[in-house]
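Listed here are the chains, written in short residue letters.
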Amino acid sequence: MNTTTTKKPSFFSGLTGQILIAMLLGAVLGIVIHNSISAEAAQSFSNKIKMLATVFIRLVQMIISPLVFTTLVVGIAKLGDIKAVGRIGGKALGWFFSASFISLLLGMFFVNLLEPGVGLNLSNVDLASVSEVTAKTQNISFENFIEHIVPKSIFEAMATNEILQIVIFSIFFGLAAAALGDYVKPVINALDKTSHIVLKMVNYVMKFAPIGVFGAIAGVFSVRDFQELAITYFKFFGSFLIGISSIWIVLILIGYIFLKRRMTVLLKRIVGPLIIAFGTTSSEAVFPKLTEELERFGVKDRIVSFMLPLGYSFNLDGSMMYMTFASIFIAQAYGVHLDLGTQMTMLLVLMLTSKGIAGVPRASLVVVAATCGMFKIPIEGIALILPIDHFCDMFRSATNVLGNALATSVVGQWEAENENEITPVE
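These numbers come from a predicted model, not from an experiment. (Residues numbered from 1 in each chain as written. Predicted model: local features only at pLDDT ≥ 70, side-chain atom pairs only at ≥ 80, totals over all residues. Heavy atoms only, no water.)

## What to know about the overall build of the protein chain
And then number 1: Looking only at helices and strands, the protein chain features 19 helices and 0 strands.
And then number 2: Out of the 426 residues in the protein chain, the part that is buried amounts to 52%.
And then number 3: For the protein chain, the computed accessible surface area is about 19200 Å², with 65% contributed by carbon and sulfur atoms. (Helix = DSSP H or I, 4+ residues; strand = E, 2+ residues; numbered from the N terminus. Buried < 20%, exposed > 50% of the residue type's maximum accessible area, 1.4 Å probe, protein only. Areas by Shrake-Rupley, 256 points an atom, 1.4 Å probe, with all protein chains shown as cover.)

And the structure:
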């Protein structure tokens, strides 16, 4: 009798374990480089090692457009009619705007409660580094946002990975396909098979995730004195962590209310995507992997393919919290008083101008700079948060992933209950 058993792979042989090891090794290497060579040499090293992260993120960006287009069109076509699209879309947008409002409100609450900007020393602010961000602020306005929603060309939108524009085109394409019915089934089947090919590519691309995370972490630590940053920005970063932790608590509690015991299963499923987003500071980098994990969790593929692209345009909980927090922090640092009415107006402006920013480098900073300009807060205050922004972005990106995973799972369960197809607990 054969008594041999298959040995279960250890945690550290899996992708999640490899990424955690890569983060640790990257931090150690970066600290060693920072402490052993000149600042110029360290900057050169940082620029080169961060290419590993750039290559990984570009590999992911390479498959974002075809994945969003094929999965969303197939998802809408499978929904079958405009009524179903409207029902699910209504639930999705209701969730997204409620979550965004709560996130913005939490950011406003904690920055006013803890006042991290009050009494800050502004003597060592590097204003030269602000130009990269402020140069883009003229593009942020309500009018430009409305114009930005609708693509001039689907090919241009795909070439630049404009997720919101791809979503708009895909919705029209999917609704037209659903209206034509059986006549276009061969096209929908072809797109469905294409989406599976792209998802298979995801498995290959994810093998590079630990290398990308290693490069990103090593690049940052090689040019930043972590101890100095921790001391100088202790109050700001500590207050930010309290705020972002509150969002996690709220999201997880809401998850247990709607998903009950299945929330634990969901958290286990998305550990990998959360860590990748944390390490690379890019929620876009985990879009394909998150799609796969949510389908494995039990959410219908048509719901995942409809919800996630929308979520990446309208549901960035971590970024939303940071925007109000950072804007009011800068006002505090410069002694600019903002009454409650002004802050609520700022919150509503941010609700609109921040949509569709997923995957845009330092998009949160650009929106913050534009908001500061609208409310007569010195835009150069962005320089206050630039040195610590990368570390804040790690938490923002992971929070965005958690929020979108939860939104997709809850709406998926609502639809399953409508169809009497409640997914069993794993």
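## Considerations on unusual backbone geometry
And then number 1: Of note in this structure, lysine 260 is not a glycine but carries a positive phi near 55°.
And then number 2: Along the chain, lysine 260 turns up in the loop between helix H11 (234-259) and helix H12 (262-269).
And then number 3: When its relative accessible area of 55% is taken as the criterion, lysine 260 is described as exposed.

## Describing the environment of serine 319
And then number 1: Its place among the elements puts serine 319 in helix H16 (residues 317-333).
And then number 2: Judged by its relative accessible area of 6%, serine 319 falls in the buried class.
And then number 3: The spacing of serine 319 and leucine 365 is 46 residues in sequence and 9.6 Å in space, taken between C-alpha atoms.

## Things to note about a nonpolar patch on the surface
And then number 1: Residues Leu24, Val28 and Val32 make up a contiguous nonpolar surface patch of roughly 270 Å² in combined accessible area.
And then number 2: Within the fold, leucine 24 resides in helix H1 (residues 15-36). (Patch = residues over 30% accessible without salt bridge, like charges linked within 9 Å, V, L, I, M, F, W, Y side chains within 5 Å. Salt bridge = Lys/Arg side-chain N within 4 Å of Asp/Glu carboxyl O.)

## Describing the nonpolar core
A general trend in soluble globular proteins is that nonpolar side chains are found buried together.
And then number 1: Counting residues in each nonpolar core, the largest one holds 120 residues, and the members touching the most others are Phe56 and Ile385.
And then number 2: Considering each element in turn, this core owes the most residues, 16 residues, to helix H19 (residues 382-418).
And then number 3: If near-sequence neighbours (up to four positions away) are discounted, phenylalanine 56 is found in contact with Val205, Met206, Phe208, Ala209, Gly212, Ile276, Thr280 and Ala285. (Core = buried A, V, L, I, M, F, W, Y, C linked by side-chain atoms within 4.5 Å. Contact = heavy atoms within 4.5 Å.)

## Regarding the packing of helix H8 (residues 185-206) against helix H14 (residues 287-297)
And then number 1: The interhelical angle for the contact between H8 and H14, taken along N-to-C directions, is 120°, at an axis separation of 9 Å. In terms of orientation, H8 and H14 fall into the oblique class. The handedness of the crossing between H8 and H14 comes out as left-handed. Contacts between H8 and H14 involve Leu199, Val202, Asn203 and Met206 from the first element and Pro288, Lys289, Thr291 and Glu292 from the second.
And then number 2: Taken together, the residues of the contact of H8 with H14 sort by class into 4 nonpolar, 2 polar and 2 charged. (Axes fitted to C-alpha atoms, helices over the stretch in contact; angles between N-to-C directions. Parallel < 35°, antiparallel > 145°, perpendicular 65-115°, else oblique. Left-handed = near helix turned anticlockwise from the far one by under 90°. Nonpolar A, V, L, I, M, F, W, Y, C, P; charged D, E, K, R; others polar.)

## Notes on helix H3 (residues 82-114)
And then number 1: Spanning 33 residues, H3 covers 47 Å between terminal C-alpha atoms, matching the ideal 48 Å at 1.5 Å per step.
And then number 2: Immediately beyond the C-terminal end of H3, within one or two residues, lies glutamate 115, with a positive phi of roughly 50°. (Expected span 1.5 Å × (residues − 1).)

## Concerning the pattern of salt bridges
And then number 1: Applying the stated criterion to the full structure yields 8 salt bridges.
And then number 2: The partner of lysine 289 in a salt bridge is glutamate 293, and the shortest N-O contact between them spans 3.6 Å. Pair noted here: lysine 289 and glutamate 293 are both in helix H14, with a separation of 4 residues, about one helical turn. Across the pair, exposure class does not vary: lysine 289 and glutamate 293 are buried alike.
And then number 3: Between arginine 296 and glutamate 293 there is a salt bridge, with the nearest N and O atoms lying 3.2 Å from each other. A residue pair is termed a helical-turn pair when its members lie 3 or 4 positions apart in one helix, as arginine 296 and glutamate 293 do in helix H14 at 3 residues.

## What about the packing of aromatic side chains?
And then number 1: Under the definition given, this model contains 15 aromatic pairs.
And then number 2: With a centroid separation of 5.1 Å and an interplanar angle of 80°, the aromatic rings of phenylalanine 109 and phenylalanine 110 are classed as edge-to-face.
And then number 3: Taking the relative accessible area as the measure of exposure, phenylalanine 110 reaches 12% and is therefore buried.
And then number 4: With 5.5 Å between their ring centres and 90° between their planes, phenylalanine 240 and tyrosine 322 make a pair best called edge-to-face. Taken together, the positions of phenylalanine 240 in helix H11 and tyrosine 322 in helix H16 put the pair 82 residues apart, joining distant regions of the chain.
And then number 5: Under the relative-accessibility criterion, tyrosine 322 is labelled buried at 0%.
And then number 6: Of the aromatic side chains, those joined through ring pairs into one cluster are Phe236, Phe237, Phe240, Phe278, Tyr322, Phe325, Phe329 and Phe395.
And then number 7: If you follow arginine 262 out to its NZ or CZ, it ends over the ring of phenylalanine 297, 4.1 Å from the centre.
And then number 8: Residue placement shows arginine 396 over the ring face of tyrosine 322; its charged tip is 4.0 Å from the ring centre. (Phe/Tyr/Trp six-rings, centres within 6.5 Å; stacked < 30°, edge-to-face > 60°. Lys NZ or Arg CZ within 6 Å of the ring centre and 35° of its normal.)

## Section: the confidence of the model for the protein chain
Reading predicted coordinates in detail is not appropriate for stretches of low pLDDT.
And then number 1: Looking at the protein chain, pLDDT values average 81 and 83% of them are 70 or higher.
And then number 2: In the model, residues 1-6 has pLDDT below 50 throughout and makes 0 contacts with residues more than four positions away in sequence or in other chains.
And then number 3: Predicted confidence is poor over residues 421-426, with pLDDT under 50, and the contacts of this stretch with residues over four places away or in other chains come to 14 contacts. (pLDDT = per-residue confidence, 0-100.)

## Concerning the packing of H14 against H19
And then number 1: One can describe the packing of H14 onto H19 by two numbers: an axis separation of 11 Å at closest approach and a directional angle of 35°. The way H14 lies across H19 gives a crossing that is right-handed. Contact residues: H14 offers Leu290, Leu294 and Phe297, while H19 offers Val401, Ala405, Thr408 and Ser409.

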